[in-house]
Amino acid sequence: MSDVVVRTTAEAPLPADVDMSTTLGRLEVPDPVFTASGCAAAGRELAPFNDLAAIGGVVTKSIQMEPRSGRPTPRMAETPSGMLNSIGLQGPGIDAFLDKDLRWLADNDVRAAVSIAGGSVDEFARLAGRLRGQPVALIEVNISCPNVEDRGQVFACDPNAAAAVIAAVKRNAPTGVPVFAKLSPDVTDIVAIARACVDAGADGLSLINTTLGLAIDPKTMRPTLAGITGGLSGPAIRPLALRCVWQVHAALPDVPVMGIGGIRTGVDALEFILAGASAVQVGTVIFNDPSAPSRISAELRTALATAGFAALRDAIGLAHRPPALRVPEDADPPGDDAVEPEPMPREVTFEDAQS
Amino acid sequence: MTPVQVQGEVLTVKQIGAYLSMTVVASGIAEQARPGQFVAVAVGGDDGAMLLRRAFSIYQVAQRGVYGGTVEFVFAVAGKGTAWLAGRRPHDVLDIVGPLGRPFALPKDPARCVLVGGGYGSAPLFSLADALRKVGCRVDFVLGAATSDRLFGALDAKRMAASVAFTTDDGSYGEQGRVSDVLPEVIERVRAEVVYACGPMAMLEAVTRVASEAYGGAGIPARVAVEESMACGVGVCMTCVLPVIGDDGRTRMVRSCIDGPVFAGDRIRWDSLGAVPADAIGAAAQLSVAQLSAAQR
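Residues numbered from 1 in each chain as written. Chains lettered and ligands numbered in written order. Predicted model: local features only at pLDDT ≥ 70, side-chain atom pairs only at ≥ 80, totals over all residues.

With that settled, the discussion passes to the overall build of chain A. Counting its regular elements, chain A contains 8 helices and 18 strands. Overall, the C-alpha framework of chain A stretches about 100 × 55 × 40 Å when taken along its three principal axes. Residue burial in chain A is summarised as follows: out of 355 residues, 55% are buried. Put simply, of all contacts in chain A between residues at least 6 apart along the chain, 72% involve residues at least 24 apart. (Helix = DSSP H or I, 4+ residues; strand = E, 2+ residues; numbered from the N terminus. Buried ≥ 20, exposed ≤ 12 C-beta atoms within 10 Å, placed from the backbone. Contact = placed C-beta atoms within 7 Å.)

Here we come to the overall build of chain B. When helices and strands are counted, chain B shows 6 helices and 15 strands. The C-alpha atoms of chain B give a radius of gyration of 19 Å, which matches the 19 Å a tight globule of 297 residues would have. Across its three principal directions, the C-alpha atoms of chain B cover 55 × 55 × 40 Å. Residues classed as buried in chain B amount to 53% of the 297 residues present. Sequence separation of 24 or more characterises 66% of the internal contacts of chain B that already satisfy a separation of 6 or more. (Rg over C-alpha atoms; globule rule 2.2 N^0.38 Å.)

Residue and element names in this part refer to chain B. Read across the sheet, 7 strands follow the order S10-S9-S8-S7-S11-S12-S15 without closing on themselves; strand pairing throughout is mixed. In the strand order of this sheet, the two ends are held by strand S10 (175–176) and strand S15 (262–264), each with one partner. Strand direction decides the pairing type here: strand S7 (residues 112–118) and strand S11 (residues 194–198), joined by 5 bridges, are parallel. Across the sheet, residue Cys113 finds its bridge partner in S11, namely Val194. (Pairing = 2+ DSSP bridges.)

Attention now moves to the interface of chain B and chain A. With 40 residues of chain B at the interface, the matching set in chain A holds 56 residues. Considering each element in turn, the side of chain B that touches chain A owes the most residues, 4 residues, to helix H6 (residues 289–292) of chain B. Class assignment for the residues of the side of chain B that touches chain A results in 27 nonpolar, 11 polar and 2 charged. (Nonpolar A, V, L, I, M, F, W, Y, C, P; charged D, E, K, R; others polar.)

The subject of this paragraph is the environment of B:Thr70. Residue and element names in this part refer to chain B. With respect to the element layout, Thr70 can be found in strand S5 (residues 70–75). Given 23 C-beta atoms within a 10 Å radius, Thr70 is considered buried. Between the C-alpha atom of Thr70 and that of Gln60, which follows or precedes it by 10 residues, the distance is 8.4 Å.

Here we take up the domain arrangement of chain B. Residues and elements named next belong to chain B. Each domain of chain B was delimited in the assignment, giving domain 1 (4–100), domain 2 (112–225) and domain 3 (229–292). Look at where the C-alpha atoms of domain 2 and domain 3 centre, and you get two points 26 Å apart. Listed by partner, the interface residues are 12 residues for domain 2 and 8 residues for domain 3. Looking at the side of domain 2 that touches domain 3, the elements with two or more residues in it are helix H5 (201–217) and strand S12 (222–225). Sort the elements by how many residues they give to the side of domain 2 that touches domain 3 and H5 lands first, with 7 residues. By residue class, the composition of the side of domain 2 that touches domain 3 is 8 nonpolar, 2 polar and 2 charged. (Domains from an automatic or database assignment.)

We now examine the pairing of strand S8 (residues 138–145) of chain B. Residues and elements named next belong to chain B. The buried fraction of S8 is high, at 7 of 8 residues. Pairing between S7 and S8: 7 bridges, direction parallel. Looking at the pairing, Gly117 lines up with Leu143 of S8. Following the backbone out of S7, through helix H2 (residues 125–134) and into the adjacent parallel S8, one traces a crossover that is right-handed. Where S8 lies against strand S9 (residues 163–168), 6 bridges are found, and the strand directions are parallel. What sits directly across from Val142, in S9, is Ala165. (Right-handed = clockwise from strand over helix to strand, strands pointing away.)

To continue, consider unusual backbone geometry. That bond from A:Thr73 to A:Pro74 is cis: its omega, 0°, falls within 30 degrees of zero. Mapped onto the elements of the fold, A:Pro74 is located in the loop between strand S4 (57–59) and strand S5 (76–79). A cis amide bond links B:Gly98 to the next residue, B:Pro99, at an omega of -10°. As for its position among the elements, B:Pro99 is in strand S6 (residues 93–100).

All names here are of chain A. Relative to each other, helix H4 (residues 190–199) and helix H5 (residues 238–251) sit at 55°, their axes nearing to 9 Å. When the axis of H4 is compared with that of H5, the two are oblique. Helix-helix and strand crossings are classified by hand; for H4 and H5 the assignment is right-handed. Here Ile190, Val191, Ala194 and Arg195 of H4 come into contact with H5, specifically with Cys244, Gln247, Val248 and Ala251. The residue inventory of the contact of H4 with H5, partitioned by class, reads 6 nonpolar, 1 polar and 1 charged. (Axes fitted to C-alpha atoms, helices over the stretch in contact; angles between N-to-C directions. Parallel < 35°, antiparallel > 145°, perpendicular 65-115°, else oblique. Left-handed = near helix turned anticlockwise from the far one by under 90°.)

Attention shifts here to the nonpolar core. Ranked by internal contacts, the top residues of the largest apolar core, which has 212 residues, are A:Ile139, A:Ala162, A:Cys197, B:Val39 and B:Val207. Among the elements that take part in this core, helix H3 (residues 159–172) of chain A stands out by supplying 8 residues, more than any other. (Core = buried A, V, L, I, M, F, W, Y, C linked by C-beta atoms within 7 Å.)

Moving on, we get to the environment of A:Gly82. With respect to the secondary-structure elements, A:Gly82 resides in strand S6 (residues 82–85). Once you skip the residues sitting within four places of it in the chain, A:Gly82 turns out to touch A:Leu232, A:Ser233, A:Gly234, A:Pro235, A:Ala236, A:Ile237, A:Thr284 and B:Leu51.

A separate point is the confidence of the model for chain B. For chain B, the mean per-residue pLDDT works out to 93, and 95% of the residues sit at or above 70. Within the model, pLDDT remains below 50 along residues 286–296 of chain B, and this stretch shows 30 contacts once partners closer than five positions in the same chain are excluded. (pLDDT = per-residue confidence, 0-100.)

Strand order in this closed barrel of 6 strands is S1-S2-S5-S4-S3-S6 (chain B), and the pairing throughout is antiparallel. When the angles between neighbouring strand axes are averaged without regard to direction, this sheet yields 45°.

Residue and element names in this part refer to chain A. At a minimum axis separation of 8 Å, H3 and H4 run at an interaxial angle of 30°. The angle between H3 and H4 falls in the class roughly parallel. Pair H3 / H4 crosses with right-handed handedness. Two secondary-structure elements touch here, H3 through Pro159, Ala162, Ala163 and Ile166 and H4 through Ala192, Ile193, Ala196, Cys197 and Asp199. Each residue belonging to the contact of H3 with H4 can be placed in one class, and the counts come to 8 nonpolar, no polar and 1 charged.

So, in structure tokens, the structure goes:
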């Protein structure tokens, strides 16, 4: 990476000429921007605002075996530069999802990254199996789910449980479809969880899911959300997400990462790419701006061009290069041009003696 | 009907009683909008800390004008987002998405309709009244609010309707009491066949009950536009759900932004608002608090 040269803006390519393609395991996509799970339903509602076939793809809302009606309301609270949500994985179940949602995505040439969520290793395995023969570009495993067989312990918080899920999904998933584990930041050592997932066969990692938060309504003096706690998302968590991508890419530089967390602009997306993400997902910003996926893709393209990149791939992980410590070659030694100090001002007197 | 996102110039901001009304150039929204639909407005600017859109029902549209189509909506300053909105001035630009949601369905044949509005919830009822009158319906209004300065559209109502009944909680205008107190008498007097309503949820529940009890229990249909808090308005966030009974008789948690905001009043599980009824499709056995702690959408 040390031979990568960041070109000056004088040589900058035109935005339209930037190669935005990227690779996620065995999946090659022409654009690195995906919608994040739970922020785009199954894509259809965003079609009036985006050319969904042109972006990387849609990561669908996590699907489970059975229909699920989710949690009571209120399900969300706005927080500074973010929001808390406690939806409870409301969804139609895998059968209706395959019949309707996935079919719509395929009919409209939208790459579908299917997020699966289970309450047990077996449910994850069965979900992965149901995706065989289906138009699925990528499988994202939402392991931020409570394990009903382990007192509700979240899979993503335990390396062994996370690995067990990933291994089961890999065994059952359609051949050749990359499996990405989506990790929770609510762990002491995210690299340890990342490593466990990769060792279990994950083809890549989605970093990060929401982080747990709480809001209290000063009027009722009770938690604002019916579910008490909720997942915090939005620009408020961007530095946290970026740190996770950085740490995981530093430890596992060959593992493709999808960077997620508070991306609002193309420059935000570029930060994640520079930190080591091969692609990004945009989530909460969609609630603010339903055109965000297309807008951010265009802005990222411009940001890359402005920085002199001919290809997105050249920017991946570039922030990890050592800092440049060059002294300009033509710098003069100090002292040569030493400027004489200005003389101290003197008192001025006038001929006419007025004062 | 395809919603569009526009950067619309603010034309006017007017104080109307306790409320503000804002008119924005919104080509593409104005031309498509139908009564009962709403717009979702971004607040706080491109780099602001408030990410969630604010939803407002459309008061009226002008399809053609010097500036192109315009949309007018009414709001009350209730928090930081609406306070920011109240600070917008002519020529400022607003990011607006619309028209959103299912509009009020009109009767197939001319019918006698009572339109019931609570506070500025009455805003979408005036374009509805226009549409109803165009198809030969009789329109009567019941408008209520906590205080007289919170009644919205009294003059509009008087201009359009065969009759208008007003109520205020404090008796400062019209009858003292709630709209549901006078609604039975209005229904009987005008021999109403349909009730349309928009306002707070408790009011909509009461209006639905009154409509169902009309004519000695024979009942008449009530179509109500709900106010649920939303994050996106376009159907992707899943926060604005409420339990609604479908054509198959089964209850689902449906999005008020996509499947509503207008519902048949008797389809809403009023006793379960804020909850997931145990017989709803996909109502899982409630998770323990420990299980609820998973950060997940």
